[in-house]
Amino acid sequence: MDRYTNTISGLLDVVEKHANGNAILLSKLTSEMKLFRNAEHDFGRVSARNDRTLLPPGILLFSYSM
């Protein structure tokens, strides 16, 4: 696995752990990831969009499809 796959895998491990088997919560958390990837809602604000261009590629976890 490359570092991006490891990072995404680690993030999903944390999301699943904190969802604690709650499918609704898990869905909400992964939906937030999609909002970030698509720059929707508050993630579409100028400050958030600017941060997307400033962060190293490994931090932009959500560019991968979920």
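In case you missed it, the structure is sitting above this.
Counting restarts for each chain, with residues numbered from 1 along the sequence as it is written. In keeping with the model being predicted, local features are shown solely for residues with a pLDDT of at least 70 and side-chain atom pairs are shown and tallied solely at 80 or more, while totals for entire chains, interfaces and linings include all residues. As a rule here, side-chain values come from all non-hydrogen atoms in the structure, and water together with hydrogens is ignored.

**Examining helix 2 (residues 23-37)**
Then comes step 1: Secondary structure follows DSSP: runs of H or I at least 4 residues long count as helices, runs of E at least 2 residues long count as strands, and numbering of each begins at the N terminus. Here the expected span of a helix is defined as 1.5 Å times the quantity of residues minus one. Its 15 residues place the ends of helix 2 21 Å apart at the C-alpha level, agreeing with the 21 Å of an ideal helix rising 1.5 Å per residue.
Then comes step 2: If you check which residues of helix 2 are buried, you get T30, M33, L35 and F36.
Then comes step 3: At the exit of helix 2 stands A39, carrying a positive phi of roughly 55°. Relative accessibility under 20% of the residue-type maximum defines a buried residue, over 50% an exposed one, and the middle range a partly exposed one, all with a 1.4 Å probe and only protein chains included.

**Comments concerning the environment of L12**
Then comes step 1: As for its placement among the helices and strands, L12 is situated in helix 1 (residues 3-19).
Then comes step 2: Counting along the chain gives 14 residues from L12 to L26, while the straight-line C-alpha distance between them is 9.6 Å.

**What to know about the pattern of salt bridges**
Then comes step 1: The salt bridge definition used is simple: a Lys or Arg side-chain nitrogen within 4 Å of an Asp or Glu carboxyl oxygen. Within this structure, the stated rule accounts for one salt bridge.
Then comes step 2: When the shortest N-O distance is used, the salt bridge between D42 and R45 registers 3.7 Å. Across the pair, exposure class does not vary: D42 and R45 are exposed alike.

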